[in-house]
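Coordinates in review
Listed below are the residues making up each chain.
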Amino acid sequence: MSELVLINVSGRDKPGLTSEITGIMGQYDVRILDIGQAVIHDHLTWGILIEIPDESKSSPVIRDLLFRLHALDLQVHFAPITMEEYQAWAAGRNRACYIVTLLSRDIKAEQIARVSAITARHGLNIDNITRLSARPSLNPSENRIACVEFSVRGTPSDLETLRADFLHIAGEMNVDIAFQEDSIFRRNRRLVVFDMDSTLIEAEVIDELAMEAGVGEQVAEITERAMQGELDFSQSFAERLALLRGLDESVLEGIAARLKMTEGAEHLIRSLKGLGYRTAILSGGFTYFARHLQSKLGIDYVYANELEIENGKVTGRVAGQIVDGKRKAELLQEIAKKEHISREQVIAVGDGANDLPMLSQAGLGVAFRAKPLVKESARHSISTLGLDAILYLIGFRESETNQSLEKSGF
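For clarity, every value in this text was computed on a predicted model and none was experimentally measured. (Residues numbered from 1 in each chain as written. Predicted model: local features only at pLDDT ≥ 70, side-chain atom pairs only at ≥ 80, totals over all residues. Heavy atoms only, no water.)

Looking now at the UniProt feature "active site" (unreviewed entry) in the chain. Under the UniProt annotation, the feature "active site" (unreviewed entry) is placed at Asp195 and Asp197. Lining the largest cavity, from the residues named above, are Asp195 and Asp197. Relative to the elements of secondary structure, aspartate 195 occurs in the loop between strand E9 (191–194) and helix H6 (205–213). You can call aspartate 195 buried: its relative accessible area is 5%. For aspartate 195, the side chain forms a polar contact with the side chain of threonine 199, separated by 3.1 Å. Examined against the element boundaries, aspartate 197 turns out to sit in the loop between E9 and H6. Residue class for aspartate 197 comes out buried when judged on its relative accessible area of 6%. The contacts of aspartate 197, once residues within four sequence positions are left out, are Ala203, Glu204, Val205, Ile206, Ser283, Gly285 and Asp351. (UniProt positions renumbered as here; feature names shortened; annotations may be inferred. 1 Å grid on protein atoms, 1.4 Å probe; cavity = no way out; pocket = protein on both sides within 12 Å on 5 of 7 lines; lining within 4 Å. Helix = DSSP H or I, 4+ residues; strand = E, 2+ residues; numbered from the N terminus. Buried < 20%, exposed > 50% of the residue type's maximum accessible area, 1.4 Å probe, protein only. Polar contact = N/O pair within 3.5 Å; in protein donor to acceptor, adjacent residues only side chain to side chain. Contact = heavy atoms within 4.5 Å.)

Here you go:
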């Protein structure tokens, strides 16, 4: 009978350790069943599960390894594993795998403790914990992003309750927590579609136009109720637009010039372009301002409402079909078809109730700094960080996005 042995090695990392250890095993025709390694602050933790052929016996292998590892000043532990234990463990690898992403300005022990407590309570076991963001400076930066990713395995009995538990502690600790299946599509997204107002930019453009027209308070109140889902978007849009009648066309350029980009928006778009993604704006706002962003950021597609202007004045109407929630979802599918990709390869990002249809159509729908109704209804949300936190939800390390920017010249 062959023998199964689990070997755990720890100590100061140095080049060539893996080669030395496996070289000794190779002399005895050892079979590798599993292997893993982590290095934190130059300290190595290395594990390997091996099968030793019957003719080799375990004693010579363990003897040679023990002697060499001691000479290298490394600690080692050997544990025999039964065939039954191995088969039970291997069968468990077939259970569903999920990714839990913890996003914060700074990762604290309490955050990891509470996230891991929820996974355990729902029957999920943590396989791996990986830091995706760069190691932090000891001098904190206000706008930095810290990200830790948990790979968990198991079959939760109630996914909605699990998501609700994560949402609850995210609000309590002022962090963002995403939970998604670790599917083939996770790092194979190809298209990202964005709402514009209060997503790519910090303002609601229609409110900015209303201030210029002297009806700011009236329009802002209607806008807020529409974004909260209290009013039908198309009806409220027409009502707000009518209040802008007579506004001089010349104010549009000034508004476009002062629009402030949302935190992380430019970095996200540059990174996505460097990684080969296509991007789109699907907005209930206006094409004039969406085109301004397209020119600035290099967005591939723009669909928004055409503000009707006659004799240099806003008429209070739009030309053509209104881009409402239903239309955004349709446009998402149309662009995906044009790009020859599935909906699962699309990421959608928005903040208002009229964004929910497109968020539900996408493989990854993200409610960004969203209204409570939207945040609760969407499967994923980012509330405490900038838009570039989305890169971590896709699974990219900070070093990977930086490399893509350097190679692409952005």
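From this point, the discussion proceeds with the structure in view.
A few words now on the side chain of threonine 287. Along the chain, threonine 287 turns up in helix H11 (residues 287–297). Not counting the four nearest positions on each side in its chain, threonine 287 is found in contact with Ala304, Asn305 and Glu306.

Of all ten residues making up strand E3 (residues 43–52), eight are buried, and the element is well covered by its neighbours. Of the pairings in the sheet, the one linking strand E1 (residues 3–12) to E3 comprises ten bridges and is antiparallel in character. Counterpart to leucine 4 in the pairing with E3 is glutamate 51. Across nine bridges, strand E2 (residues 31–40) lies against E3 in antiparallel orientation. By the bridge assignment for E3, glycine 36 is matched with glycine 47. Connecting the antiparallel pair E2 and E3 is a turn made up of two residues, with histidine 41 showing a positive phi of about 50°. (Pairing = 2+ DSSP bridges.)

The next point concerns the packing of helix H4 (residues 109–121) against helix H5 (residues 159–173). At a closest axis distance of 10 Å, the pairing of H4 and H5 adopts a crossing angle of 165°. With respect to each other, H4 and H5 are oriented roughly antiparallel. Handedness of the crossing formed by H4 with H5: right-handed. In contact with Glu110, Gln111, Arg114, Val115, Ile118, Thr119 and Arg121 of H4, H5 contributes Leu162, Asp165, Phe166, Ile169, Glu172 and Met173. When its residues are assigned to classes, the contact of H4 with H5 shows six nonpolar, two polar and five charged. (Axes fitted to C-alpha atoms, helices over the stretch in contact; angles between N-to-C directions. Parallel < 35°, antiparallel > 145°, perpendicular 65-115°, else oblique. Left-handed = near helix turned anticlockwise from the far one by under 90°. Nonpolar A, V, L, I, M, F, W, Y, C, P; charged D, E, K, R; others polar.)

A few words now on the packing of aromatic side chains. Enumeration over the complete set of coordinates arrives at six aromatic pairs. Aromatic pair phenylalanine 237 and phenylalanine 286: ring centres 5.8 Å apart, planes at 35°, arrangement tilted. Remark: phenylalanine 286 occurs in strand E10 (residues 278–286) and phenylalanine 237 occurs in helix H8 (residues 233–242); sequence separation between them is 49 residues. Across this residue pair, the class does not change: phenylalanine 237 and phenylalanine 286 are buried. A ring pair is formed by tyrosine 288 and phenylalanine 289, whose centres lie 5.1 Å apart and whose planes are at 70°; its orientation type is edge-to-face. In textbook terms, an aromatic cluster arises when at least three aromatic residues are bridged by ring pairs, as seen for Tyr98, Phe166 and Phe179. (Phe/Tyr/Trp six-rings, centres within 6.5 Å; stacked < 30°, edge-to-face > 60°.)

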